[in-house]
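Examination of the molecular architecture
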Amino acid sequence: MKINFNYGKAMSDANELDNFANELENLANNRIEKVIVDLDSVWKGESASMMINKCIIQKEKVFEQASNLRKYASGLRSAARQIKKAEEEAIALQKRREAEIANILAKTESNN
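Cut-offs and rules
- Along each chain, residue indices are assigned from 1 in the same order as the chain's sequence is written.
- With pLDDT at 70 or above as the cut-off, local features in this predicted model cover only qualifying residues; side-chain atom pairs require 80 or more to be listed or tallied, and sums for whole chains, interfaces and linings still use all residues.
- As a rule here, side-chain values cover all heavy atoms of the structure and leave hydrogens and water aside.
- Each helix corresponds to a stretch of at least 4 residues labelled H or I by DSSP, and each strand to a stretch of at least 2 residues labelled E; elements are numbered beginning at the N terminus.
- Residue exposure (1.4 Å probe, protein chains only): buried if accessible area is under 20% of the type maximum, exposed if over 50%, otherwise partly exposed.
- For this analysis, residues touch if any pair of their heavy atoms sits within 4.5 Å.
- Working definition of accessibility: Shrake-Rupley area with a 1.4 Å probe, residue cover restricted to the visible protein chains.
- Multiplying 1.5 Å by the helix residue count minus one yields the expected span of that helix.
- One speaks of a salt bridge when a side-chain nitrogen belonging to Lys or Arg is within 4 Å of a carboxyl oxygen belonging to Asp or Glu.
- Classification of ring pairs uses Phe, Tyr and Trp, with its six-membered ring standing for Trp, and accepts pairs whose centres are within 6.5 Å; under 30 degrees between planes counts as stacked, over 60 as edge-to-face, and the remaining range as tilted.
- As a reminder, the over-ring test applies to NZ of lysine and CZ of arginine, requiring each to be within 6 Å of the ring centre and within 35 degrees of the ring normal.

**Here we look at the overall build of the protein chain**
On a plain count of helices and strands, the protein chain comes out with two helices and zero strands. Principal axes of the C-alpha set define a box for the protein chain whose edges measure 100 × 15 × 15 Å. Counting all 112 residues of the protein chain, 20% fall into the buried class. The long-range share in the protein chain, meaning contacts at least 24 apart out of those at least 6 apart in sequence, stands at 81%. Element-wise, carbon and sulfur atoms account for 55% of the exposed surface of the protein chain, whose accessible area totals about 8400 Å².

**Section: helix H2 (residues 46–111)**
The terminal C-alpha atoms of H2, which comprises 66 residues, lie 97 Å apart, in line with the 98 Å expected from a rise of 1.5 Å per residue. Turning to H2, its buried residues number three or more, namely Ala 48, Ile 52, Cys 55, Lys 59, Val 62, Ala 66, Leu 69, Ala 73, Arg 77, Ala 80, Glu 87 and Ala 90.

**Some thoughts on the pattern of salt bridges**
Under the counting rule described, the total for this entry stands at seven salt bridges. A salt bridge links Arg 70 to Glu 25; its shortest N-O distance comes to 3.0 Å. Here Arg 70, found in helix H2, pairs with Glu 25, found in helix H1 (residues 7–42); they are 45 residues apart in sequence, far enough to count as distant. Residue Lys 85 is joined to Glu 89 by a salt bridge in which the shortest nitrogen-to-oxygen separation is 4.0 Å. Here Glu 89 and Lys 85 lie together in helix H2, a separation of four residues that amounts to about one turn. By relative accessible area, Glu 89 is classed as partly exposed at 46%.

**Topic: the packing of aromatic side chains**
Following the criterion strictly, the structure yields zero aromatic pairs and no others. Above the plane of the ring of Tyr 7 lies Lys 84, whose end atom (NZ or CZ) is 4.3 Å from the centre.

Right under this line is the structure:
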């Protein structure tokens, strides 16, 4: 019995999700924040405040998406560990059963 599950690939994919989350946070911390600072320095008035508030809301949404990606990565890691453990247990059980069958066959042959 062979279960085709690539634990390394699942963990690699989880790391990719974390890396993408880091990139999103860097985007929010650097580029969006720069836009906010730049807008604040060159644009005054009610419409400027509205635009800055929209940028702040978008920045928060980017952080939320980064957090979601980290949750997905964590879930993927957890599922991968559970699948790997189940696969290892299934293989161990199969080996025990094969050994039991071999012992039964050996006893049967020796009795004949």
